[in-house]
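Summary of the model geometry
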Amino acid sequence: MTANTAAGPVDIGATGVPDLDDVAGHWVDQDEIAHLPSLRNQQGQAHVNHDLTSLSWLAAPPFTFGYHTGELRVDGVVPAAQRFLWKPWGVRREHRGDGLLLSTDTRMALSRDLLLWRIVVTNESSEARTVELAQDLFAMAAHAEVGYGWLYDGPWNHGMHHDFMALERVRATTAGRERHYLLSPAPRRLRLGRPRVPGIQRDEDHGPMLLDDALPAHVSHDREPEPRVGVAGAVRGLRVETADGGVIVRADETVVLTPDGETGLDTFALSPGLTIGFELRLDTAGQSGTVLTHGNHPDSLQIGVDDGRPWLGVTGEREATDAPLAAGDWHHVRVRVEADQVVMCLDGTEVARTRHWSESRRWVPRIEGGTVAVADSRSPARAVFAFAGPPAGLRIEGAGGRATWTCRIEPGGSVSVGISCAYGTDVDAVSAEARGAAEDFEATMRAGTDGWRRLWASMFTPGNPDFSGHLPTFTAEDAELARTYYMGALQALYMRSVRIRPGEPVFLTGGPRLGPTTTYFWDHCEWSRMYALLEPAGLRSWLLRVLAGPYRDSFGVENLGGGPLGNAYSSTDYALFRLIEHYVCVTGDLAFLEETVGGTTVLGHLERLGLGWRDRRSPATGGVLADFGDDPWQLLECVPTYTGVVASFNAAYVASTRSLAGLYRRLGRREDADRAETEAGQLADALVDLYAGSGRWQVRRPDGTDTIGHCLDFGLVAATLHRELPDGIRREMTDFVTDRLLVGGWMRALSPDDPIAAASDRPDHGAGGAFPAWPAITAHGLARLGHRDRAIALLRDLPSAASGGLWGQAMEIVTGADGRHRARVAERGVATRECIAGAAGAEAVLSALFDINPTFATGTPAGLPAALSVEGVGTLTRLGPAA
């Protein structure tokens, strides 16, 4: 099969704002895409899967969906999607084979709790065909007002929790790609006693946090965690045997269990045919707690008791027994692991057996008047499927339903099926929503497309009804450069949510697999000029919320509950300073600095952020530059040597200190201004001393120094010290980026020949690729060093890496069969399909090419001109912000 896998030759940007359809998406073959497309509707998000219809990771707080929504069978077979077309209003999937063209269009209706599917079958053969379509209808929906951290709670047959790895294994079974999902293939440690805190997906406290198979516990703090206790008793005679009888774990001695104790045994992976056997004695009756756990993950195999009754848990399942164990007696427990089920026997009798997720007893389906209604027994969530044209057959299937159509299709003819699924808490309202959408199906589909087009037009229109500001119109002769700008604008629009904070639009950081209510400070600052232009009122409100909380102890905020999220980031001072600076300097709202929040004025916060280096100095690393400590998870996460004194954020402190000096002069604080200017000069001199030659920079720690070749050092140093760097250093920095980092129309964050590169294979911050903001800060640095032509060349290439959609959190470099490098949105591990930092490409058009770089040091904030033109680049019109 052939497909158009490149953007079309549309002359983007030649006459102003392009049509949204020309900016957004193109067909991509299945074998060219790693991370499948997403859906968003300004209040929720979801992922399409490898088949033609199912969705997973659906989160529209306060609603979340578990597992997936059901696959389409054609004559009894589940076809795989062979190619995908993403648009902001929906995703099309196609399969061609055996004389049939199967085309589907899946959507989250704009600003509605409503899903839509259009299924079209075209007979491309020369003979009439009779085709049976069967669509599974699952709506494992839950309603919850809490639990929306970066690792947000999703519904499982047994409760609510985040289980990234297990849900990805469920997704991998769609379209017959994998047969089984229940067992993790990763080796994990067997433990007796109290389980560890859930959500920290690694076995050992000191284990590495790898993008592929580990996550920090970035969960929200607005709900009570599940109790984690062991039992009082003992285990003896423990054996773990493989299918062929080999013993891989053996513990003959008696192990005493206490509610707070833990005994670690050997590490192994679960495999079909494996058995775990032991004898268990409880000291007292009626206990509740965990006896055994394999791993420290949400999908871990666990055995425990509830009020003395044994239970078995794995991958969102928990099967309980009826009879309590007699205290003081020894009982033989045996667990047999199979590919699709786990069975527990007690004293020789089977007492528990897991089942396939689709056979859940949590969700209760029923057929009502030609619809399928599904009720969650653990929350008030309700969902209803309705149909545009009644199916020939409709029946209950496990926890959902199945609709069938038998269609005779003449040569060259087509048949079309429409399905709607509404969700909410009022079953009558949900039913009416689903039925209404099905009855007027085509109009409902058109309304979504038209709504996105209206929002797109509003983004560039002064005084529009949707945003408190607007973005400038970019007219350019270079269509690919214009495409970068307009795709960056679309990235911001696509990540917008209007339901999380009523009256305050929120721009999400990532998803759909993570963070349906989360914004990271660092990612937000990568498009801060655009943010201040497009949504100044929203940015102002967001900043006040952030400054009221413990922002220095977190990396972002969970916007629904309003609380802080995650661990401290070394970037926070830089990010929040820049967001405040750009808001005030773009809008001219100097009064904002006088507002009191969190016990001090915004100006007080600004000083704390901009002069944060004063509290970070250490005599062990020179005593002048900021020392960011020894935890790589607070700096670049995956580069173990990037700790201590680094060039990047020290350069940011030089910039913020100089900017504060300009603000102090405006405020008449001359002594403070003189001191800040002197200190900024001292920081700059010490920073230049970190230069290690050949475009690389030193990293200083108390135990020694390293050199590193990372784009973050280049970008922030070039942005700050471009005027004072010697010509030789400027030339070496530029050549280093061009020769070692730029590749495949994208770049690597870390030089592949760096000594630490082998231990930093992440495709966002390591040598495997780059975070979507890094090409933008690199282009900005190139332009500041006098190489605008190189900046343009880099920026115009960025759309080719977007995998038929927009940019993701990790963009990996891959090598094609022809030996050529290219970039694509990474899927492996916990990378997100979209990231707000992808808007940085458009931001760089403003900053690098039009020199829109407002700071307090450049004078009085006086707004922006109505238009700007740069020869060889183009023109910005409608530039000035809203009053």
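To be clear, the structure that these remarks concern was listed above.
Residues numbered from 1 in each chain as written. Predicted model: local features only at pLDDT ≥ 70, side-chain atom pairs only at ≥ 80, totals over all residues. Heavy atoms only, no water.

Looking only at helices and strands, the protein chain has 17 helices and 51 strands in total. Expected size for 883 residues packed as a compact globule is a radius of gyration near 29 Å; at 29 Å, the protein chain falls within 12% of this value. Based on the C-alpha atoms only, the size of the protein chain along its principal axes is roughly 80 × 75 × 55 Å. The buried share of the protein chain, taken over its 883 residues, is 61%. Sequence-distant contacts in the protein chain: of pairs separated by 6 or more residues, those separated by 24 or more amount to 68%. Of the accessible surface of the protein chain, which amounts to about 30,600 Å², a share of 47% is contributed by carbon and sulfur atoms. On the protein chain, the mean spot of the 84 positive side-chain charges and the mean spot of the 112 negative ones are 1 Å from each other. (Helix = DSSP H or I, 4+ residues; strand = E, 2+ residues; numbered from the N terminus. Rg over C-alpha atoms; globule rule 2.2 N^0.38 Å. Buried < 20%, exposed > 50% of the residue type's maximum accessible area, 1.4 Å probe, protein only. Contact = heavy atoms within 4.5 Å. Areas by Shrake-Rupley, 256 points an atom, 1.4 Å probe, with all protein chains shown as cover. Lys, Arg positive; Asp, Glu negative; His and termini not counted. Charge placed at Lys NZ, Arg CZ, Asp CG, Glu CD.)

With six of eight residues buried, strand β20 (residues 275-282) is to be regarded as a mostly interior element. With seven bridges joining them, strand β16 (residues 233-241) and β20 adopt antiparallel strand pairing. Within β20, the residue paired with Val 235 across the bridge is Leu 280. Here β20 runs beside strand β25 (residues 330-337); their pairing, made up of seven bridges, is antiparallel. (Pairing = 2+ DSSP bridges.)

Read from one edge to the other, the open sheet built from three strands follows the order β34-β51-β50, with strand pairing classed as antiparallel. Strand pairing shows two members of the sheet lacking a second neighbour, β34 (473-475) and β50 (867-870), which therefore form its edges. Along the sheet, successive strands turn relative to each other by an average axial angle of 15°, direction set aside. As defined by bridge partners, β34 adjoins strand β51 (residues 874-877) across three bridges and the pair is classed as antiparallel. (Axes fitted to C-alpha atoms, helices over the stretch in contact; angles between N-to-C directions.)

A word on the pairing of β25. Regular strands have side chains that alternate between both faces of the sheet. A one-sided burial pattern is seen for β25, the buried positions being His 331, Val 333, Val 335 and Val 337 and the unburied ones Trp 330, His 332, Arg 334 and Arg 336. Where β25 meets strand β26 (residues 342-346), five bridges bridge the pair, whose relative direction is antiparallel. Along β26, the bridge assignment pairs Arg 336 with Val 343. In sequence, β25 turns back onto β26 through a hairpin of four residues.

A word on the side chain of Arg 529. Its place among the elements puts Arg 529 in helix α7 (residues 528-534). Within the structure, the side chain of Arg 529 is placed 2.8 Å from the side chain of Asn 853, a separation counted as a polar contact. Sequence-distant contacts of Arg 529, that is, excluding residues within four places in its chain, are made with Arg 578, His 582, His 780, Glu 843, Ser 847, Ile 852, Asn 853 and Pro 854. (Polar contact = N/O pair within 3.5 Å; in protein donor to acceptor, adjacent residues only side chain to side chain.)

Summed over all chains, the structure comprises 66 salt bridges. Put simply, Arg 499 and Asp 113 hold a salt bridge, and the shortest N to O gap is 2.9 Å. With Arg 499 in the loop between β35 (496-497) and β36 (506-507) and Asp 113 in the loop between β9 (100-108) and β10 (114-123), this residue pair connects regions lying 386 residues apart in the sequence. Owing to a relative accessible area of 16%, Asp 113 belongs among the buried residues under this scheme. As a salt-bridge pair, Asp 252 and Arg 250 come within 3.0 Å of each other at their nearest N and O atoms. Through salt bridges with shared partners, a single ionic network connects Arg 73, Asp 136, Arg 395, Glu 397 and Arg 402. (Salt bridge = Lys/Arg side-chain N within 4 Å of Asp/Glu carboxyl O.)

Mapped onto the elements of the fold, Phe 649 is located in helix α11 (residues 647-666). In sequence terms Phe 649 and Leu 635 are 14 residues apart; their C-alpha atoms lie 9.5 Å from each other. Apart from the residues lying within four places of it in its own chain, the contact partners of Phe 649 are Trp 522, Ser 570, Ser 571, Tyr 574, Phe 628, Leu 635, Leu 712 and Leu 716.

Okay, the sheet that holds strand β11 (residues 129-137) next. Taken together, the four strands give an open sheet; going across it, the order is β6-β11-β32-β31, and neighbouring strands pair in antiparallel fashion. Pairing within the sheet leaves two strands with one partner each, and these edge strands are β6 (72-74) and β31 (393-397). The sheet shows a mean angle of 20° between the axes of neighbouring strands, direction not considered. Relative to strand β32 (residues 400-409), β31 is paired through five bridges, and the arrangement is antiparallel. Bridged to Ile 396 within β32 is Gly 401.

As a further point, take the packing of α11 against helix α12 (residues 670-688). As a packed pair, α11 and α12 sit with axes 8 Å apart at the nearest point and diverge in direction by 160°. As judged from the angle between their axes, α11 and α12 are roughly antiparallel. Between α11 and α12 lies a crossing whose hand is left-handed. Residue-level inspection shows Ala 647, Asn 650, Ala 651, Tyr 653, Val 654, Thr 657, Arg 658, Ala 661, Tyr 664 and Arg 665 of α11 in contact with α12, the latter providing Arg 670, Asp 672, Ala 673, Asp 674, Ala 676, Glu 677, Ala 680, Leu 683, Ala 684 and Leu 687. Each residue belonging to the contact of α11 with α12 can be placed in one class, and the counts come to 12 nonpolar, two polar and six charged. (Parallel < 35°, antiparallel > 145°, perpendicular 65-115°, else oblique. Left-handed = near helix turned anticlockwise from the far one by under 90°. Nonpolar A, V, L, I, M, F, W, Y, C, P; charged D, E, K, R; others polar.)

Among the nonpolar cores identified, the biggest contains 262 residues, and Leu 238, Phe 474 and Trp 774 are the most heavily contacted of them. Among the elements that line this core, the one with the most residues is helix α5 (residues 479-494), at 11 residues. Not counting residues up to four positions away in its chain, the partners in contact with Trp 774 are Trp 522, Glu 526, His 710, Cys 711, Leu 712, Met 747, Ala 749, Asp 764 and His 765. Leu 116, Ala 437, Ala 438 and Met 445 belong to the second-largest nonpolar core, a separate cluster that totals 13 residues. (Core = buried A, V, L, I, M, F, W, Y, C linked by side-chain atoms within 4.5 Å.)

The terminal C-alpha atoms of helix α14 (residues 727-741) lie 21 Å apart, and with 15 residues this matches the ideal 21 Å at 1.5 Å per residue to within 8%. Regarding α14, the residues found buried are Ile 729, Arg 730, Met 733, Thr 734, Phe 736, Val 737 and Leu 741. Within α14, the buried residues cover an arc of 155° as seen down the axis, which keeps them to one side. Opposite its buried face, α14 presents the exposed residues Asp 727, Arg 731 and Asp 739, each directed more than 90 degrees away. (Expected span 1.5 Å × (residues − 1). Arc of directions from axis to C-beta.)

Further remarks concern the side chain of His 161. Along the chain, His 161 turns up in strand β14 (residues 160-161). His 161 has contacts with Tyr 152, Asp 153, Gly 154, Trp 156, Pro 298 and Gly 316, leaving out every residue within four places of it along the chain.

With respect to the helices and strands, the residue Thr 315 is situated in the loop between β23 (309-314) and β24 (317-320). Looking at Thr 315, the relative accessible area reads 1%, which means it is buried. Separated by 543 residues in the primary sequence, Thr 315 and Thr 858 have C-alpha atoms spaced 57 Å apart. Apart from the residues lying within four places of it in its own chain, the contact partners of Thr 315 are Trp 156, Asp 163, Ala 166, Arg 169, Tyr 181, Leu 182 and Asp 299. A distance of 2.7 Å separates a polar side-chain atom of Thr 315 from the backbone oxygen of Leu 182.

Moving on: unusual backbone geometry. Omega for the peptide link from Pro 61 to Pro 62 comes to 15°, which places this bond in the cis form. Residue Pro 512 follows Gly 511 across a cis peptide bond; omega there is 0°. One can find Pro 512 in the loop between β36 and β37 (518-520). Phi angles above zero are rare outside glycine, and Ala 175 is one such case at about 60°. Along the chain, Ala 175 turns up in the loop between α2 (164-172) and β15 (188-193). Under the relative-accessibility criterion, Ala 175 is labelled buried at 14%. Even without being glycine, Thr 315 reaches a positive phi, approximately 50°.

Bringing the packing of helix α15 (residues 774-784) against helix α16 (residues 788-797) into the picture now. Between two packed helices, both the angle of their axes relative to each other and the distance between the axes serve to describe the pair. Viewed as axis vectors pointing N to C, α15 and α16 meet at an angle of 160°, and their least axial separation amounts to 7 Å. With respect to their mutual orientation, α15 and α16 come out roughly antiparallel. Here the hand of the crossing between α15 and α16 comes out left-handed. Counted together, Pro 775, Thr 778, Ala 779, Leu 782 and Ala 783 of α15 and Arg 788, Arg 790, Ala 791, Leu 794 and Leu 795 of α16 form the full contact between these two elements. Of the residues in the contact of α15 with α16, the class split is seven nonpolar, one polar and two charged.

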